[in-house]
Amino acid sequence: MDVLYDARLLHRPLSGLERVQRNMLRALAVDSRVRRLRAFVLHGTKAPAGLPARVELVPVHSTESMLAVLLGDDPPDVYHLTYFPDRNPRDLLLPIVAAASVVEVHDAILNRHPEYYPDRRAWGWYHDFVRRLIRSCDRLLIHSESARGEVERDLDGDASIADLAPLAVDPALLQALPLEEVQERLRRLEVRGDYVLALGKDYPHKDHATLFRAVATLPELHVVCAGSRVWHRPGESSDELCKSLGIGDRVRWIEGLDDHDVKALMQGARCLAYPSREEGFGLPPVEAMALGTPVVACASMSIPEVCGDGAWFFAPGDHGEMAARLRAVLAGGARVRELVERGRQRAASLSWERSADATVRCYERALAAARAGNPSRPRLPANVRDVLACVAASPHDDGRDLLAWTERCLQSERHLNAVEADRQDILRRLNELERGLGQTLTEAHPPPASPPARWSIRRRLRKIRAGIKRRLGE
């Protein structure tokens, strides 16, 4: 089959969803059932390292340029929308106009949290947008049974058309670093002593608060948070909580880490602490298991399903139970060694090949449903499709126009910066000239004992300099 995979996240730095797109493309590229594999990417995106040459990148500027492919002379058999778009309402058209379509649902976290939006109206629009999106396709792709419940409970979708494709560890994170490199990277990051590692931003659903409260009862333990502080609502920030608990000096946030830094932190940690209450899958615990790091995680949503018996769990929000699990890890011994071994086995049971196989089977079901005239999916009348094809073929493209306008703005900014640099250079030269002339005049003509004359070369130079400044300012 001919597959068009929407990979518009590949221009961003590698994080969870970006890794999923890259690794899925790699796995789909070697599946014999996929005759041709194309991928939508934003204009200017470079192919990620290790991406097979068989993946044909299709640069796009906007929804119109994607419609042009879906409605063109060489449309794909299946269009796979891998991530809810950046809230562009026109993207609702994409799964409808495709011959067959699959929409991937990672989770419904943003639908459950109006407080993550600037106002209630913005959340209400996005919530309606996603619910309409998942009812506009032939099949849904999910990564956990927990996400199936989210489709039904939070998005009012049809869970019966959702196909399960569990994720796996990024190959770049599988190979452990040598001990010497781990120690060197920890020294460079200024990480010392016993610590637990937490990954991710401090959104409330990640529940760093429970971890901090647990660590407050363990005076010998430090926390390294590989992520950033983004939640600054008064009275709810991580810094305020740590200060009130008296552990501000035992909690360290580190941003901008590469894969090797993350691996070094995982390998050097006493355990990975994963207090998140809401996840559609949850890759960090599996990544830690693959590296032989014990995992203490919240028994909520997809986490027990994903971790299996490879982690120790605590009830959501129960910092006392979490502290007990952390104490057990710090104590070490046979139980911890057994936990680590079970974690390795659990991580090894997940693979991108199996995930790609489940994804292709989802494509096959989507094709079959579309060919049978799927009654649950909206269908466009022929005249509407013709109108959209005309729109897509138009030389007027909002995305391309915006890109050109952005480039013009950047050119103007570069010009202004060059003018400012010239201005600063002229002023610097005038200062040097004034100092040089003043020194020469002083050496040749020492100042008289009587009051200076009203006219002087220095005063004249200052006036010239002020005039040039005024002209440059204009």
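Above: the structure in question.
What comes next is a walk through the structure. (Residues numbered from 1 in each chain as written. Predicted model: local features only at pLDDT ≥ 70, side-chain atom pairs only at ≥ 80, totals over all residues. Heavy atoms only, no water.)

**Overview of unusual backbone geometry**
Here is step 1 of the chain: At Asp156, a position not held by glycine, the phi torsion is positive, near 55°.
Here is step 2 of the chain: The topology assignment puts Asp156 in the loop between helix 6 (145-153) and strand 7 (162-164).
Here is step 3 of the chain: Assessed through its relative accessible area of 53%, Asp156 is described here as exposed.
Here is step 4 of the chain: Notably, Glu190 is not glycine yet its phi reads approximately 60°, a positive angle.
Here is step 5 of the chain: Within the element layout of this structure, Glu190 appears in the loop between helix 7 (179-188) and strand 8 (195-199). (Helix = DSSP H or I, 4+ residues; strand = E, 2+ residues; numbered from the N terminus. Buried < 20%, exposed > 50% of the residue type's maximum accessible area, 1.4 Å probe, protein only.)

**Here we look at the side chain of Ser65**
Here is step 1 of the chain: Along the polypeptide, Ser65 turns up in helix 2 (residues 63-70).
Here is step 2 of the chain: Looking at Ser65, its side chain comes within polar contact range of the main-chain oxygen of Ser62, at 2.7 Å. (Polar contact = N/O pair within 3.5 Å; in protein donor to acceptor, adjacent residues only side chain to side chain.)

**Concerning the pattern of salt bridges**
Here is step 1 of the chain: The final tally for this structure, using the stated rule, is 38 salt bridges.
Here is step 2 of the chain: As a salt-bridge pair, Asp6 and Arg8 come within 2.8 Å of each other at their nearest N and O atoms. There is no split in this pair, since Asp6 and Arg8 are both buried.
Here is step 3 of the chain: Between Lys206 and Glu279 there is a salt bridge, with its nearest N and O atoms 2.6 Å apart. Residue Lys206 is located in the loop between strand 8 and helix 8 (208-215), and its partner Glu279 is located in the loop between strand 11 (271-274) and helix 11 (283-290); the two are separated by 73 residues in the primary sequence.
Here is step 4 of the chain: Residue class for Glu279 comes out buried when judged on its relative accessible area of 9%. (Salt bridge = Lys/Arg side-chain N within 4 Å of Asp/Glu carboxyl O.)

**A word on the sheet that holds strand 13 (residues 312-314)**
Here is step 1 of the chain: Spatial ordering of the open sheet is given by 10-9-8-11-12-13, a layout of six strands whose pairing is parallel. Whereas interior strands pair on both sides, the edge strands pair on one side only; in this sheet they are strand 10 (251-254) and strand 13. When the angles between neighbouring strand axes are averaged without regard to direction, this sheet yields 25°.
Here is step 2 of the chain: Bridge count between strand 11 and strand 12 (residues 295-298): three bridges; the pairing is parallel. (Pairing = 2+ DSSP bridges. Axes fitted to C-alpha atoms, helices over the stretch in contact; angles between N-to-C directions.)

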